[in-house]
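These are the residues of each chain, in order.
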Amino acid sequence: MKKALLGLACIATLMTSCKKETKDEVKEATEAVGNEMEEAIDTAAVKVDAAADSTKVKAGEVLEKGADKMNQAAEKLKEAAKK
C-alpha cells in the first residue's frame, strides 16, 4: 500500500513538471494502477469470503463429530449406571 501511495505521489510530481503529452500518459497510467488496485481488493475480498465459508463448514463438521462422541459417551455412562 505504501508503495502504491509513493508511486502515485511520484506520478503527481511528474504531472506538474512535464509536457501535456506526458501528463496524459501519466494520467492513463494512474488510472490503470487504480483499476488494478480495485481488482486486487475485489479478488482478495472474494478469497476471504470463500475462506470464511469454508472455515464455517469445517467448524460445523467438527462440532457435529464432537457432539456425536459426547452422545456416545453419555449412552455408555447410562448403560454402565444401569448395571
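Structure shown above.
From a predicted model like this one, the values you see are computed outputs, not experimental measurements.

Draft legend 1. Representation of the overall build of the protein in the model. Within the protein, the secondary structure is distributed over two helices and zero strands. Counting over 83 residues, the protein shows a buried share of 2%. Accessible area for the protein stands at about 7500 Å²; split by element, carbon and sulfur atoms hold 62% of it.

Draft legend 2. Region of interest: a negative patch on the surface. A contiguous patch of negative charge, built from Glu21, Asp24, Glu25, Glu28 and Glu31, is present on the exposed surface. Note that Glu31 resides in helix H2 (residues 20–82).

Draft legend 3. Region of interest: the environment of Gly34. Positionally, Gly34 belongs in helix H2. Taking the C-alpha atoms as reference, Gly34 lies 9.1 Å from Ala4; in sequence the two are 30 residues apart.

Procedures and definitions
Residues numbered from 1 in each chain as written. Predicted model: local features only at pLDDT ≥ 70, side-chain atom pairs only at ≥ 80, totals over all residues. Heavy atoms only, no water. Helix = DSSP H or I, 4+ residues; strand = E, 2+ residues; numbered from the N terminus. Buried < 20%, exposed > 50% of the residue type's maximum accessible area, 1.4 Å probe, protein only. Areas by Shrake-Rupley, 256 points an atom, 1.4 Å probe, with all protein chains shown as cover. Patch = residues over 30% accessible without salt bridge, like charges linked within 9 Å, V, L, I, M, F, W, Y side chains within 5 Å. Salt bridge = Lys/Arg side-chain N within 4 Å of Asp/Glu carboxyl O. Lys, Arg positive; Asp, Glu negative; His and termini not counted. Charge placed at Lys NZ, Arg CZ, Asp CG, Glu CD.

Everything listed here is a matter of geometry and, on its own, says nothing about what the molecule does.
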